Amino acid sequence: MSTIYDKLNDKQKQAVFTTEGPLLLLAGAGSGKTGVLMHRIAYLINEKHIDPYNIMAITFTNKAAKEMKERITNLIGADGNFVWVMTFHSSCVRFLRRFIDKIGFDNNFTIYDSDDQRTLMKKIFKENNINSRVYKERAVLNIISSCKNELISPVEYMKSATDRYEKGAARIYEIYQSTLKKNNALDFDDLICRSVELFENCPDVLDYYQNRFRYIMVDEYQDTNTAQFKLIYLLAQKYKNICVVGDDDQSIYKFRGANIENILSFEDKFENVEVIKLEQNYRSTGNILDAANAVIKNNRGRKNKSLWTDGATGANIELRQFANADAEADFIIKDIKAKANDNFKDFAVLYRTNAQSRLLEERCVTLGVPYQLVGGVNFYQRKEIKDVLAYLKTIANGSDDIALLRIINVPKRGIGATTIAKVADYANENVISLYDAMTICENIGIGKAADKIKKFIAMIEEFRDKVAKKANIANMIEELLDKTGYIESLYDEGEIEGESRKENIEELVNKSVDYEDGELSLFLEEVSLVADIDRMDENADRITLMTLHGAKGLEFDTVYLAGMEEGLFPSAMSSITREDLEEERRLAYVGITRAKKNLILTSAKQRMINGETRYSLLSRFVNEIPRDLLDKHILDTEKKYTQRTYSYEEALPWENKAKPDNVKNTLSFGKQFKVERQKSLDYAVGDTVKHIKFGIGKVLEIVDGEKDFEVKVNFEKFGIKKMYAGFAKLIKI
DNA sequence: ACAGACACTCTTTTT
DNA sequence: GAGTGTCTGT
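- Named according to an unreviewed UniProt entry, chain A is ATP-dependent DNA helicase PcrA originating from Lachnoanaerobaculum saburreum F0468.
- Database annotation for chain A, UniProt heading Sequence similarities (unreviewed entry): "Belongs to the helicase family. UvrD subfamily."

The structure is reproduced here in structure tokens:
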């Protein structure tokens, strides 16, 4: 008898059939982990007769969730719809919408995205006269986010604060939290940690969900942070049927709080953990896997494993170096155009920073190559979309000051800064929301402006009425645009600009059609949790342009890794500590393993970054790929794309016996990245040194490493850091 | 109240 | 280089 499990290899089968108790699935890139998860769910339902309602699968992106849902229903039919397949964030919204009143919030809360957070923080800075030369909004928000990821409350952070800067930040954190509460809003991180708070404080709620989710599966487990771990840990405590799938080599979100310890110490957190490794790769050619393995083996902090395939060796990896970023972009897009044969969807260009997309996009437009750009400015963060959403938020939640402030004078209706400041003062004094203050603005003494505000309020009230009467959302948005004259105001910035903004709004209106009449809150909620990757359409016949981070979990026949340059990739900011550099290397590993058949690495000697021209050397990650895997004959054909070609001796540092003069010259001016090993250091153990980011510290240890000196420094503010001397640029003081 | 001019910072990655 | 914030004149 043949079953759906026959196609699986032994390890995969073992993973599917191990349903009880904690299971750690270490799944390398392209090892078919999503398929295994799907079959596992099918097995639970069909063979173990588990109610689909009792199964939870958690992902990070809506796209992954959607894909999983589709695959489950394909595998087992309509029963699959009852499985809880959601992202961490949307799961938490579900929990909180239902129960957050138990921990003192209103169930009707709004969700702040990073833009809203910044606006709120700016407001807090202003109201509290915080010096934005000492405290940067972004920096404080980062601190707050890290705290939340680690489940540290403002009070706890205050206790642990060692210097005045941290104490001040702790105070701002406290104000930030209370303002959020006042606005009846939660930020992204709150969604997770308030859920944890809910479960910890309300055993009955926790018990309810524990019973519901008897089997839990977590995808991309290497990306979970402490708060997310705590969440699933709590949920899994009763039945302990938890299966986590991850790959420590693909952990690339440390900057966002992902805690690699979650995967490395899973076996300590749960008892009797079964560990299964999936190492057979079904995606890439042998050469590509060899390259990936060769690069990642330079990392020290990892579980040892290595990908293999019984498929073809495949083509060599191409390496091309260009004089500047324009030539690089030009080559890539022309190359795709020549190879594509109208199969554009098989091609992807991946890069480290969003800024790199501009040149590529321009080339696509001029050369007529269809493309889709993922990332950059998220659709839902575009000005016009945010404006419309702010109107809708104001209609849905009267306490959301941030939304109200955004649109109170957009389009211009003669309610200026002075007026708003007066109303805001009044609201603060009387501890009411800005909106409530506006409803009684005739008491405030703002003269004629009161009439304008009254008119605005009357309009919002009218729409609230419509929502209560279950108005159609799309119609309502159209009416809103009409009444406010918003569309016309867009054209003030120019015809073309206005047209594209109008199209975006139309897209938003189209999206709203999927929602039932009167379901405004639901619409707003889902819209605020959409990531850019979720909008990617794999079936459209276009090439894909996106960052390496965005590419995780995807695969393409042909992948271009653009900007393989020291300072850009690895980023200059991530080349300081070994941990950071290893995260960059994991990113390189992710990039390489996206390719199924062809991999092309490109770099530019000269590139404009932040308005200044920078010169850089080939990325060390290229050098880590064995020489015999790299294609050699490429440089002859390069002439037509660059003003000047470069020999291998120039392109590959390990062949640099005598460096040509011109290379030295270009490197001697502009901002450069000195990656050559320093002969000796002008500081020694015990010296006090200064670092550009970490400040003052004492040198504890200097190790003469393979490529560079590794220096261990104890910084006054940041503690002990290990760094490469060439990058750290420590100055003895 | 608001438009236009200048100055300043910045981005590495994002649910 | 772009986007944001601040200042100035109407």
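Examining the environment of Thr577
Then, in step 1: Positionally, Thr577 belongs in the loop between β13 (556-561) and α26 (578-592).
Then, in step 2: Within the structure, the side chain of Thr577 is placed 3.1 Å from the backbone nitrogen of Asp580, a separation counted as a polar contact.

A short note on the UniProt feature "binding site: ATP" (unreviewed entry) in chain A
Then, in step 1: Mapped onto the present numbering, the UniProt feature "binding site: ATP" (unreviewed entry) falls on Ala27, Gly28, Ala29, Gly30, Ser31, Gly32, Lys33 and Thr34.
Then, in step 2: Mapped onto the fold, Ala29 is located in the loop between β1 (23-27) and α2 (33-46).
Then, in step 3: Residue classification places Ala29 among the buried residues on the basis of a relative accessible area of 2%.
Then, in step 4: Excluding its chain neighbours within four sequence positions, the residues that come into contact with Ala29 are Asp247, Gln250, Asn281, Arg283, Leu307, Tyr589, Thr593 and Arg594.
Then, in step 5: Within the secondary structure, Ser31 sits in the loop between β1 and α2.

Points about the protein's contact with DNA strand C
Then, in step 1: Neighbouring DNA strand C are the residues Lys122, Asn610 and Gly611.
Then, in step 2: Protein-adjacent atoms of DNA strand C, using a 4 Å cutoff, are sugar or phosphate at a proportion of 33%.
Then, in step 3: One nitrogen or oxygen atom from the side chain of Lys122 is found 2.2 Å from a phosphate oxygen belonging to DNA strand C.
Then, in step 4: One of the backbone nitrogen or oxygen atoms of Asn610 is found 3.5 Å away from a base oxygen of DNA strand C.

Rules and cut-offs
Residues numbered from 1 in each chain as written. Chains lettered and ligands numbered in written order. Predicted model: local features only at pLDDT ≥ 70, side-chain atom pairs only at ≥ 80, totals over all residues. Heavy atoms only, no water. UniProt positions renumbered as here; feature names shortened; annotations may be inferred. Helix = DSSP H or I, 4+ residues; strand = E, 2+ residues; numbered from the N terminus. Polar contact = N/O pair within 3.5 Å; in protein donor to acceptor, adjacent residues only side chain to side chain. Buried < 20%, exposed > 50% of the residue type's maximum accessible area, 1.4 Å probe, protein only. Contact = heavy atoms within 4.5 Å. Near = heavy atom within 4 Å.

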